[in-house]
Amino acid sequence: EFDGEQIHAHDYRSGDQLKGRALAPIIGRNAEKQRLMTVLDGLRDGQNQTVVVEGDAGIGKSRLVVAYLEEVERAGMRTLVGAGSSIERSTAYFAWRPIVREVLEIEERDGVQAARRRAAARLGGDESLAPLLNAVLPLRLAESELTKQLAGEARANSTRELVVRLLADACGHEPGFVLVFEDAQWLDSASWALIGLARQRIVPLMTLIVARPGVAAQEYMQLLREPGVQQLELEALTAEETTTLVSHRLGVETLPAAVTTFIQEQAEGHPFFSEEIAYALRDAGLLRIQGGRSYLASNVTNLRDLDFPATVQGVITSRIDRIDADQQLTLKVASVIGRLFPYRTLEYIYPAPESRARLPVHLEKLTELDLILPEMPEPDKAYLFKHSITQEVVYTLMTYSQRQQLHRQAAEWYERRHGDELQAHYGLLAHHWSRADEPKKALHYLDRAGRQALRNFANAEAIRFFTDALALDEASKAALQDSVGGAGRDRAARRAEWELLLGEAYVHWTRYLEGREHLERGLRLLGRPVPGRGVVLRMTGAMVRQLVHRSWPRDLATSDRDEREALLTASRAYARLVEVYYHFGELLASVHATFHSLNLAERAGDSAELAEAYAPIGAFFSFLRRHGVAQAYFERALETAQLVNSLSALAYVLLVKATYDSSRGAWAAADESINQLVSIGQKLGARRRYNDGLQLRAIRQYLSGDFEACLQTAAALLVAAREVDDLRFQGWAYYAQVHAYYRLGEWETAQARLADLEALYALGAGLTDEQLDFNMNGIAGRLQMRRGDVNRALAAAEKAFQLSQGSLQTSYYTLSGYSGGASVFLAHWEAAPGDRERRKKADQALRALRRFAATFAVGRPSALVYQGDFQRIDGNVAGALRHWQAALAAATELEMPFQAGRAHLRLGRHASAPEGEARRHLLAARELFERVGARRELAMVDEYLADQTGRYDEQS
């Protein structure tokens, strides 16, 4: 314990460098300030506002924001400020550290114990989730029973939910508050995700994002596309504004005309560049200042004749060249630490002991020259480079060996300063040791930082750390040989593990192609088989090995700890590949990975990985219609998940089991699993599992004919998916709405939701779900055919058919893709029964639907209904009646009332005794359609009943 250590050490006082800083008054920007004040009016009215302020470095973004924050605080509203850092851009939640510290009311001198007490007070006694705050601040809280269950996405979601709750509680009584993030070009992905959740959950809230142009982060680009987000681009100052600015900075009333003209020509209205030129002229003695007046030196005839730098970087360099060597060294050392540099850190790594005592004098002079600013007073004295450009320029003035030495000393300082509490500084230490050219140390911290990022579900950062580790390992392999990573771990094993972790991060990020590449490469490095030539043989071998395990049970588990961890690592890799291969529709490869994952996990003993490995084996045997074997594997999966007390594993098992039960129409069992899955997702904050549960519930509801309930579930799924910006689940929510509205006879609404789905799909990124694409085209074909647009209907049906042929659709919820295409081709053939090509296309679509129904029982009623339609159009009425009777029996057994109603409708319409058997079928169909709300079909039944009654009256 280091209770004396400050929890808010200056290493991450990133946000306070903007808030409350006494910067010089802003010059110009009246239009921009007015726009921001207009936004503030909307905030007062209770409306959430988001503004992006964008401009080049030095254009005056910070001064504008500081001036605006002063207005906000005068209006009685609270402001919270965070900032990105070029050095810490891979550290999860770095930008949120000052915000969370302020929300928790952690004081300047609080040690760890005091900070914990303040956090507990803010949580109101419910401290079960408090350890999640370790991801943001180094509180070093021990894991609770609940947080031990959390990993990956669930842990990240729960962390964000907790921070947003604390934020909302702290600002709940405010008339509105402003959340500011400066240097957003350096925000990490976890910080972006937390910003997104705060914007959705807290009302009223103004979010102010300040960034340089060209930010490539996907979250930033999507933010700019959102409706209502205002973008404010800062332009250059006018000549008059530039003159006023420079005069104010120099403390003079006027400037010589030659100087104003020269500055305007050189800087072209760039505020920071203009200031630096003025300071450079002053420092060089070319511009004299006396008594509030300024004048050119007598030896200056024409400023244009001077050999003056043409860039802001060149001007800064010229200014630094004019200060003495010790002051230059002070600046250089500070530039290695970062834009914000604590005095104690500077003092420790300062490489010239003989002049170390004069550091305060050097810093005072550098402050006078406006190169740095004082940030914090004693006893925690800290300074700030006036601008990040200044820091960047100073850093480049050093030789490689100088930077190398200073980075080494900085790294040693952080290790010494923070002792056993290094988790909050893994990324920073990796940065310094890498630049110190110490690969062994750098790889150690890259490994730790990558694992930490993966645990926090900061996948972009995990990818960056592991990619850097692999590149550094390759570049330094001759020097390192096999010494890194601990005894007994050779270089190939270490690289294999990084490849597997990198692959896992890519899969979590739903970038399956890259994930596959790294996972397969890592397994090859371990000597493990991957699909390719001979996949059938290897798959068969794995299946036989599993059969041996089941036929002759024995204790397979190893007692060697290292071996167990290696087995679980490989098992997890195969499990991720199951997801990848399933996504690409590669059934054999998926089965291969499934059995390998289970066999390895069984050798490692009881674990969450073993529970998760049993479940897909159950799904595999369900495809083979070996339901007894499938159930046995699901029981093993559930028992193991409960034995190892892993809610995360249990949620995955429930997901797979609910899918299996739904596919065979076991609705009660499916409902039980779905309800548990949703409950666990809520408890753990596992939004993906929660959304999985809602998706399965919506599909179960429309398949079983509960269309109104389906609409409610789909609406809840849409809200939940938007909260985490998950386009895939948004797509499934829209699809469920399309299907339900279509069945309810609300075709215009169904068409509108289909347009929403197609627009979402057009975004591309984040929505690469072939099964959803398949279903979307199936339902689109139905809707277009109903509207009479035959060409578009056929195009959609053809695409659905091609998708069914190109890859094996292995999910029961792709039924709509198969049945939608079949219905369109049948209707097209019925319009020209003699057209052999149309008949052939309908027959091909039906064959695909029958294959689907052979695997998934819920597809049987549709397959039988449409096969009956095929027989009727082909002139075989007796065959049609047999298929419709079989469809009715299947739908009744599976408790699918809408499908039963369709079978009754066809039997009633085409039976030979309309006043008897046919009428009974129509009345049964009417009762079923009325129950599920299928208004289109209900109208059809009433029309047929009225027609039959009319004919009966005529006969009478």
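A brief report on the enclosed structure follows. Being a predicted model, the structure only gives us computed values, none of them experimental.

Points about the overall build of the chain
Regarding its fold elements, the chain presents 42 helices and 10 strands. Counting only C-alpha atoms, the chain reaches 120 × 70 × 55 Å along its principal axes. Residues classed as buried in the chain amount to 58% of the 956 residues present. Considering only residue pairs separated by 6 or more positions, the chain has 69% of its internal contacts joining residues 24 or more positions apart. A total of about 39,000 Å² of accessible surface is found on the chain, and carbon and sulfur atoms cover 49% of it. The positive charge centre, built from 115 side chains, and the negative charge centre, built from 124, are 4 Å apart in the chain.

Some details on the packing of aromatic side chains
All told, the structure shown has 23 aromatic pairs when counted by the stated rule. Centroid distance Phe623 to Phe856: 5.8 Å. Interplanar angle 85 degrees. Geometry classified as edge-to-face. Within this pair, whereas Phe623 is found in helix 26 (residues 608-623), its partner Phe856 is found in the loop between helix 37 (836-855) and helix 38 (860-873), the two being separated by 233 residues in sequence. Accessibility expressed as a relative area gives 25% for Phe623, which makes it partly exposed. Take Phe856: its relative accessible area is 6%, and that puts it in the buried class. These aromatic residues form a ring-pair network of at least three members: Phe595, Tyr614, Phe620, Phe621 and Tyr633. When the ring centre of Tyr343 is taken as reference, the NZ or CZ atom of Lys381 above it lies at 4.3 Å. The cationic tip of Arg786 hangs over the ring face of Trp747; the distance from NZ or CZ to the ring centre is 3.7 Å.

Topic: the packing of helix 12 (residues 325-337) against helix 15 (residues 388-396)
As a packed pair, helix 12 and helix 15 sit with axes 8 Å apart at the nearest point and diverge in direction by 110 degrees. With respect to each other, helix 12 and helix 15 are oriented roughly perpendicular. As helix 12 packs across helix 15, the resulting crossing turns out to be left-handed. Here helix 12 contributes Leu331, Lys332, Ser335 and Val336 to the contact with helix 15, which in turn contributes Gln391, Val394 and Tyr395. Residue classes in the contact of helix 12 with helix 15 are distributed as 4 nonpolar, 2 polar and 1 charged.

Here we look at the sheet that holds strand 10 (residues 382-385)
Pairing is antiparallel in the open sheet, where 3 strands are placed in the order 8-10-9. Edge positions in the sheet fall to strand 8 (340-342) and strand 9 (372-376), since each of these pairs with one other strand and no more. Taken pair by pair, the neighbouring strands of this sheet meet at an average axis angle of 30 degrees, ignoring direction. Against the sheet, helix 12 makes contact with strand 8, strand 9 and strand 10, and its axis sits at roughly 105 degrees relative to strand 8, the strand it touches most. Lying on the sheet, helix 14 (residues 359-368) is in contact with strand 8, strand 9 and strand 10; it crosses strand 9 at an angle near 120 degrees.

Some details on the pattern of salt bridges
According to the stated counting rule, one finds 62 salt bridges in the structure shown. With its nearest N and O atoms 2.7 Å apart, the salt bridge here joins Arg74 to Glu71. In this pair, Arg74 and Glu71 both sit in helix 2 (residues 61-74), 3 residues apart, roughly one turn of the helix. Classification of Arg74 as exposed rests on a relative accessible area of 60%. Between Asp692 and Arg689 there is a salt bridge whose closest N-O contact spans 2.7 Å. You can see Asp692 and its partner Arg689 sitting in helix 30 (residues 687-703), 3 residues apart, about one turn around the helix.

Quick notes on the nonpolar core
The biggest cluster of nonpolar side chains holds 256 residues, and the ones touching the most others in it are Trp96 and Leu167. Residues contacting Trp96, with those up to four places away along its chain left out, are Val136, Val163, Leu167, Leu179, Phe181, Ser191, Leu194, Ile195 and Ala198. Listed in part, the 23 residues of the second largest apolar core include Leu43, Val72, Met206 and Leu234.

Topic: unusual backbone geometry
Cis rather than trans, the peptide bond between Val203 and Pro204 has omega equal to -5 degrees. Looking at the secondary structure, you find Pro204 in the loop between helix 6 (189-201) and strand 4 (205-211). If you check the backbone angles, Arg29 has positive phi at about 60 degrees while not being a glycine. Mapped onto the elements, Arg29 comes out in the segment before helix 1 (30-44).

Here we look at helix 21 (residues 491-508)
Between the first and last C-alpha of helix 21 there are 26 Å, a value that for 18 residues agrees with the 26 Å anticipated at 1.5 Å per step. Here helix 21 lies mainly inside the structure; 16 of its 18 residues are buried. Positioned one or two residues after helix 21, Thr510 has a phi angle of 55 degrees, which is positive.

Overview of the side chain of His432
With respect to the secondary-structure elements, His432 resides in helix 17 (residues 426-435). The exposure class of His432 is buried, given its relative accessible area of 0%. Side-chain polar atoms of His432 contact the side chain of His407, separated by 2.9 Å. With residues near it in sequence (within four places) discarded, His432 still touches Val336, His407, Ala410, Ala411 and Tyr414.

Notes on helix 22 (residues 512-525)
Over its 14 residues, helix 22 runs 20 Å from end to end, which matches the ideal 20 Å to within 8%, given 1.5 Å per residue. Within helix 22, burial applies to Tyr512, Gly515, Arg516, His518, Leu519, Glu520, Gly522 and Leu523. Buried residues along helix 22 sit in contact with helix 21, helix 24 (561-583) and helix 30. The first or second residue beyond helix 22 is Gly527, which carries a positive phi of 80 degrees.

Some points on the pairing of strand 7 (residues 293-296)
Sheet topology places strand 6 (residues 287-290) next to strand 7; 4 bridges connect them, and they run antiparallel. Each bridged residue has a counterpart across the sheet, and for Arg288 the counterpart in strand 7 is Tyr295.

Quick notes on the environment of Gly522
Examined against the element boundaries, Gly522 turns out to sit in helix 22. For Gly522, a relative accessible area of 0% translates into the label buried. Along the primary structure Gly522 and Glu499 are separated by 23 residues, whereas in three dimensions their C-alpha atoms are 4.9 Å apart. The residues touching Gly522, leaving out its near neighbours within four places in the chain, are Ala496, Glu499 and Leu500.

Re the environment of Glu268
Inspection of the secondary structure puts Glu268 in the loop between helix 9 (257-267) and helix 10 (271-283). Here Glu268 falls in the exposed class, since its relative accessible area comes to 61%. For the pair Glu268 and Gln546, spaced 278 residues apart in sequence, the C-alpha to C-alpha distance is 74 Å. Each residue touching Glu268, except ones within four places of it in the same chain, is listed here: Ala236 and Ile263.

Rules behind the numbers
- Residues numbered from 1 in each chain as written.
- Predicted model: local features only at pLDDT ≥ 70, side-chain atom pairs only at ≥ 80, totals over all residues.
- Heavy atoms only, no water.
- Helix = DSSP H or I, 4+ residues; strand = E, 2+ residues; numbered from the N terminus.
- Buried < 20%, exposed > 50% of the residue type's maximum accessible area, 1.4 Å probe, protein only.
- Contact = heavy atoms within 4.5 Å.
- Areas by Shrake-Rupley, 256 points an atom, 1.4 Å probe, with all protein chains shown as cover.
- Lys, Arg positive; Asp, Glu negative; His and termini not counted.
- Charge placed at Lys NZ, Arg CZ, Asp CG, Glu CD.
- Phe/Tyr/Trp six-rings, centres within 6.5 Å; stacked < 30°, edge-to-face > 60°.
- Lys NZ or Arg CZ within 6 Å of the ring centre and 35° of its normal.
- Axes fitted to C-alpha atoms, helices over the stretch in contact; angles between N-to-C directions.
- Parallel < 35°, antiparallel > 145°, perpendicular 65-115°, else oblique.
- Left-handed = near helix turned anticlockwise from the far one by under 90°.
- Nonpolar A, V, L, I, M, F, W, Y, C, P; charged D, E, K, R; others polar.
- Pairing = 2+ DSSP bridges.
- Salt bridge = Lys/Arg side-chain N within 4 Å of Asp/Glu carboxyl O.
- Core = buried A, V, L, I, M, F, W, Y, C linked by side-chain atoms within 4.5 Å.
- Expected span 1.5 Å × (residues − 1).
- Polar contact = N/O pair within 3.5 Å; in protein donor to acceptor, adjacent residues only side chain to side chain.

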